[in-house]
Amino acid sequence: MRILYIHSTLEPPSTDPRTNRFLLLSEKLEGDVLQPIWFETPQQVEEVFGPGSYPVYTLGKFRYHWCLVGARGFLKRLAMFRFYIQKGREIYKERRFDCIVAYSHMTSGVLAATLKLLTGARCVVEIVTVPELAYIRQSPRPALWERVMKLYSDLCLHYSTLIADRAHFLYPRQLDRFPLLRRVPGSVFHEFVPVSTVNKDNAGEDPEKYILLVGAPWYLKGADVLIKAFLRIAADFPNVRLRILGFYPDRAGMDVLTGGSPRIEIMKPRPNPEALALIRRAMVLVLPSRSEGLGRVLLEGMAAGIPLIGSDVGGIPTLVRDGENGFVVPVGDAEKLSERLRQLLQDPGLRRRMGEAGYRRAHADLDERAYVREFARMVEDAVGSRKARAAGAESVSAT
């Protein structure tokens with residue numbers, strides 16, 4: 001089957017064939033990827049992906065079609081929208097695709113649904129967040145623009161999923177807070193993480209012992225909750241540090257919370273291989289998010305054999321099985337988080353058992369093979385829904 005994938009992230013895809021999901025999906029599918037990218041010139045694309053890689057870059061059975069975005073802005077965004085529609089129709093006329101898949105229910109989902117109406121192809125929308133919490137959990141007091149964006153998110157969600165033939169859910173009952181959408185057909189499976197490439201050697205054995213959080217923005221990820229929890233127990237574990245890794249242009253609030261503690265380090269973003277090395281050496285990986293679709297970093301922690309602590313929101317409890325590979329704590333509860341941190345820090349055997357449990361599950365049930373299998377099955381189900389309806393219509397007509 002052929003698919004058209006509509007991406008929304010501006011980050012360039014991986015050049016490592018082991019970590020590019022479309023190369024792996026080539027085992028079962030083929031098609032095209034509409035990929036906005038933060039580069040401004042074709043030369044920048046070719047410097048990364050090689051001579052002749054612009055405007056089309058072929059990898060496996062998929063072709064990337066680049067949309068050069070550069071800096072964000074209204075006119076740039078309009079150009080990107082036009083690119084999606086025009087290029088999608090052009091590809092469909094060249095060689096029809098069976099299904100359109102959109103990353104997120106937002107603008108890419110709306111454009112995918114619109115392309116479905118224009119082409120007649122089937123459509124799948126991926127729900128990658130907690131829709132009822134979109135935008136309003138990014139700050140303690142949501143501003144007017146955040147509330148407006150929440151309304152925009154809800155409108156996009158209803159338009160895209162009601163027109164689509166299927167949704168990709170990261171956890172069960174992801175749309176239960178939206179009565180009109182409760183019966184949207186869905187496939188439930190994890191996000192793509194190249195589990196097999198994550199190194200487990202010396203897991204949690206860094207001489208400089210530390211707790212780690214990876215993610216941004218800081219309020220959405222609950223960094224303030226973790227800082228409070230750490231300060232509650234810091235005196236009892238004088239050799240343990242707290243490291244928080246991410247892009248935090250608004251970190252002034254965190255600096256106030258840390259109180260200048262030399263044992264709390266706010267780290268700048270790092271490339272994924274360096275972040276994975278930090279994850280692998282951590283004693284505990286914590287993600288106390290206020291909103292989280294799933295948390296790829298948790299799956300990376302599981303693949304590295306690290307015990308986890310996560311909040312009871314969104315898809316986190318589907319990865320963190322309380323008492324098995326880590327602990328689940330109530331959102332915003334610094335006291336309960338500090339109790340679970342204490343429990344893990346004082347018990348190396350518990351950390352080891354939980355880390356091994358997560359490692360086994362990640363490599364057995366949540367690796368690349370599982371992702372490719374579930375993604376292909378999702379597309380088959382979406383395309384099959386049209387065939388089933390057509391067969392049913394023919395049956396009725398015959399009678």
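How each quantity is defined
Residues numbered from 1 in each chain as written. Predicted model: local features only at pLDDT ≥ 70, side-chain atom pairs only at ≥ 80, totals over all residues. Heavy atoms only, no water. Pairing = 2+ DSSP bridges. Helix = DSSP H or I, 4+ residues; strand = E, 2+ residues; numbered from the N terminus. Axes fitted to C-alpha atoms, helices over the stretch in contact; angles between N-to-C directions. Contact = heavy atoms within 4.5 Å. Phe/Tyr/Trp six-rings, centres within 6.5 Å; stacked < 30°, edge-to-face > 60°. Lys NZ or Arg CZ within 6 Å of the ring centre and 35° of its normal. Salt bridge = Lys/Arg side-chain N within 4 Å of Asp/Glu carboxyl O. Buried < 20%, exposed > 50% of the residue type's maximum accessible area, 1.4 Å probe, protein only. Core = buried A, V, L, I, M, F, W, Y, C linked by side-chain atoms within 4.5 Å. Parallel < 35°, antiparallel > 145°, perpendicular 65-115°, else oblique. Nonpolar A, V, L, I, M, F, W, Y, C, P; charged D, E, K, R; others polar. Right-handed = clockwise from strand over helix to strand, strands pointing away. Left-handed = near helix turned anticlockwise from the far one by under 90°.

**Q** Can you walk me through the sheet that holds strand S3 (residues 56-59) in this structure?
**A** Across a sheet, paired strands are connected by hydrogen bonds in the backbone, their directions being either parallel or antiparallel. One open sheet holds the 8 strands; their spatial order is S3-S4-S2-S1-S5-S6-S7-S8, and the pairing between them is mixed. Each of the sheet's edge strands pairs with one partner strand only, and the pair in question is S3 and strand S8 (186-188). Going from strand to strand, the sheet's axes swing by 20° on average, the running direction of each strand aside. Strand contacts of helix H4 (residues 107-119): strand S1 (2-6), strand S5 (99-103) and strand S6 (122-126), with the helix running at about 165° to S5, the strand carrying the most contacts.

**Q** I tried to follow the sheet that holds strand S9 (residues 210-214) on my own but got confused; where do I start?
**A** The 6 strands lie next to each other as S11-S10-S9-S12-S13-S14, forming an open sheet whose pairing is parallel. At either end of the open sheet lies a strand with only one pairing partner, and these are strand S11 (264-267) and strand S14 (326-329). Strand-to-strand twist across the sheet, computed as the mean angle between neighbouring axes with direction ignored, equals 20°. Pairing between strand S13 (residues 308-311) and S14: 4 bridges, direction parallel. Its bridge partner lying in S14, Leu-308 is registered against Gly-326. Packing of helix H8 (residues 272-281) onto the sheet brings it into contact with S9, strand S10 (241-245), S11 and strand S12 (284-287), and relative to S9 it is tilted by some 140°. Sheet strands touched by helix H9 (residues 296-303): S9, S12 and S13. Its angle to S12, the strand with the most contacts, is close to 165°.

**Q** Explain the packing of aromatic side chains here, please?
**A** Each aromatic ring pair is described using two quantities: the centre-to-centre distance and the angle formed by the ring planes. This model, assessed by the stated rule, comprises 14 aromatic pairs. The positively charged end of Arg-243 is found above the aromatic ring belonging to Tyr-210, 4.6 Å away from the centroid. Of note, Arg-290 hangs over the ring of Tyr-219, and the distance from its end group to the ring centre comes to 3.7 Å.

**Q** Honestly, the pattern of salt bridges in this entry has me stumped. Any pointers?
**A** Pairing is possible between side chains of opposite charge, provided their charged atoms come close. Across all of its chains, the model carries 25 salt bridges by this definition. Between Arg-373 and Glu-374 there is a salt bridge, with its nearest N and O atoms 3.9 Å apart. With relative accessibility at 39%, the residue Arg-373 sits in the partly exposed group. Ionic contacts of the salt-bridge type, sharing partners, join the residues Arg-2, Glu-30, Asp-32, Arg-63, Glu-94 and Arg-95 into one network.

**Q** Can you help me understand the nonpolar core in this one?
**A** One broad trend across soluble globular proteins is that nonpolar side chains are buried collectively. Leu-212, Ile-279, Leu-285, Leu-298, Leu-299, Met-302 and Leu-319 are the most contacted members of the largest nonpolar core, which has 34 residues in total. For this core, the secondary structure elements donating two or more residues are S9, H8, S12, H9 and helix H10 (316-319). The dominant element in this core, judged by the number of residues it contributes, is H9, at 5 residues. Residues contacting Leu-298, with those up to four places away along its chain left out, are Leu-285, Leu-287, Leu-308, Ile-316, Leu-319 and Val-320. Listed in part, the 33 residues of the second largest apolar core include Ile-244, Ile-266, Val-284 and Ile-309.

**Q** Is there a simple way to think about the packing of H9 against helix H12 (residues 348-365) in this case?
**A** The axes of two packed helices give the description: the angle between them and the distance between them. Interaxial distance between H9 and H12 falls to 7 Å at its minimum, and their mutual angle equals 105°. In terms of orientation, H9 lies roughly perpendicular with respect to H12. Contacts between H9 and H12 pair Leu-299, Met-302 and Ala-303 from the former with Gly-355, Gly-358, Tyr-359, Arg-361, Ala-362 and His-363 from the latter. For the contact of H9 with H12, a count of residues per class yields 5 nonpolar, 3 polar and 1 charged.

**Q** Can you walk me through the environment of Pro-12 in this structure?
**A** With respect to the helices and strands, the residue Pro-12 is situated in the loop between S1 and helix H1 (21-25). C-alpha of Pro-12 to C-alpha of Pro-36: the two residues are 24 residues apart in sequence and 8.4 Å apart in space. Aside from chain neighbours lying at most four places away, what touches Pro-12 is Ile-37, Trp-38, Phe-39 and Phe-49.

**Q** Sorry, what's going on with the pairing of S6 here?
**A** On a regular strand, one side chain projects to one face of the sheet and the next to the other, so that they alternate. Of all 5 residues making up S6, 5 are buried, and the element is well covered by its neighbours. Here S6 shows a buried face lined by Arg-122, Val-124 and Glu-126 and a second buried face lined by Cys-123 and Val-125. By the bridge criterion, 5 bridges tie S5 to S6 in an arrangement that is parallel. Residue pairing for S6: Tyr-103 is matched across the bridge by Glu-126. For the crossover that starts at S5, traverses H4 and ends in the parallel S6, the hand is right-handed. With 3 bridges joining them, S6 and strand S7 (residues 166-169) adopt parallel strand pairing. Looking across to S7, one finds that Val-124 is bridged to Arg-166. In the classification by handedness, the crossover that spans S6, the intervening helix H5 (residues 144-163) and the parallel S7 is right-handed.

**Q** What's the story with the packing of H8 against H9 in this structure? I'm lost.
**A** Viewed as axis vectors pointing N to C, H8 and H9 meet at an angle of 60°, and their least axial separation amounts to 10 Å. Relative to H9, the element H8 is oriented oblique. Along this stretch, H8 crosses H9, giving a crossing that reads as right-handed. Residue-level inspection shows Asn-272, Leu-276 and Ile-279 of H8 in contact with H9, the latter providing Val-297, Glu-300 and Gly-301. Residue composition of the contact of H8 with H9, grouped by class: 3 nonpolar, 2 polar and 1 charged.

That's the geometry; what it means functionally is another story.
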